[in-house]
Amino acid sequence: MTRLNWQEIAPEGAKALFGIHHYVTRRTNLPEELVHLVFLRVSQINGCAHCIDMHSRDLRKTMSIDKISLVPVWDEVHHLFSEQERAALAWAEEVTRVSETHASDEAYAAASAQFAPKDLVDLTITIAAMNAFNRLGAPFRVPVAAQS
């Protein structure tokens, strides 16, 4: 079943969301690769095929396929991810699953140890933005670029 194209139907809403995306990808001090890593992990948790496909492709430009493949189990392969990446991924999981985790003190402390206050706020905005995109991409079945 074909679903609605949310960007065409609500262009002002799309413009607002893409404004946040522009902010986190172009106006923060967060490394671009870290932003896409967080985008990928949040999208994996939320099951948004379009965003998983897109951010995996973005990461392949700078990251090995081995590392990308292991993002879902990043906490089992510490040697592949820096302390900052692990803190960001843990924080991304906590914030994405906030109804379950309540953004634990442990994850907040780990994230706070790796990110300056402004960067931690920007990281949290990054996570919130991707959650918003996933909540549009998954229900409206935004198509993937992947081909068989």
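Residues numbered from 1 in each chain as written. Predicted model: local features only at pLDDT ≥ 70, side-chain atom pairs only at ≥ 80, totals over all residues. Heavy atoms only, no water.

**Let's talk about helix 2 (residues 11–26)**
Reasoning step 1: Taking 1.5 Å per residue as the helical rise, helix 2 with its 16 residues ought to reach 22 Å, and the 21 Å between its terminal C-alpha atoms agrees with that figure.
Reasoning step 2: Taken as a whole, helix 2 has its buried residues at Ala 14, Leu 17, Val 24 and Thr 25. Here the buried residues of helix 2 occupy an arc of 95° about the axis, which is enough to place them on one side. More than 90 degrees from the buried face of helix 2, the exposed residues found are Glu 12, Lys 15 and Arg 26. (Helix = DSSP H or I, 4+ residues; strand = E, 2+ residues; numbered from the N terminus. Expected span 1.5 Å × (residues − 1). Buried < 20%, exposed > 50% of the residue type's maximum accessible area, 1.4 Å probe, protein only. Arc of directions from axis to C-beta.)

**Looking at the UniProt feature "domain: Carboxymuconolactone decarboxylase-like" (unreviewed entry) in the protein chain**
Reasoning step 1: Here, UniProt's "domain: Carboxymuconolactone decarboxylase-like" (unreviewed entry) annotation points to residues 11–94.
Reasoning step 2: When the span residues 11–94 is considered, its composition is 71% helix and 0% strand, and the gap between its end C-alpha atoms is 30 Å. (UniProt positions renumbered as here; feature names shortened; annotations may be inferred.)

**Section: the packing of aromatic side chains**
Reasoning step 1: Scanning all chains against the criterion turns up four aromatic pairs.
Reasoning step 2: Between the aromatic rings of Trp 6 and Phe 18, the centroid separation amounts to 6.3 Å while the plane-to-plane angle is 5°, which identifies the pairing as stacked. Highlighted residues: Trp 6 in helix 1 (residues 6–9) and Phe 18 in helix 2, separated in sequence by twelve residues.
Reasoning step 3: Overall, the relative accessible area of 9% leaves Trp 6 in the buried class.
Reasoning step 4: Given the relative accessible area of 36%, Phe 18 is considered partly exposed.
Reasoning step 5: The interplanar angle of 65° and the centroid separation of 6.2 Å between the aromatic rings of Trp 6 and Phe 133 together place this pair among those described as edge-to-face. Note that Trp 6 is positioned in helix 1 and Phe 133 in helix 9 (residues 117–137), a separation of 127 residues in sequence. For the residue pair Trp 6 and Phe 133, the accessibility class agrees, reading buried in each case.
Reasoning step 6: Taken together, the ring pairs in this structure connect Trp 6, Phe 18 and Phe 133 into an aromatic cluster. (Phe/Tyr/Trp six-rings, centres within 6.5 Å; stacked < 30°, edge-to-face > 60°.)

**Quick look at the environment of Asn 131**
Reasoning step 1: Counting through the fold element by element, Asn 131 comes out in helix 9.
Reasoning step 2: The class for Asn 131 is buried, based on a relative accessible area of 9%.
Reasoning step 3: For Asn 131 and Cys 48, which are 83 residues apart along the polypeptide, the C-alpha to C-alpha distance reads 9.6 Å.
Reasoning step 4: A polar contact is formed between the side chain of Asn 131 and the backbone oxygen of Ile 127, at a distance of 2.9 Å. (Polar contact = N/O pair within 3.5 Å; in protein donor to acceptor, adjacent residues only side chain to side chain.)

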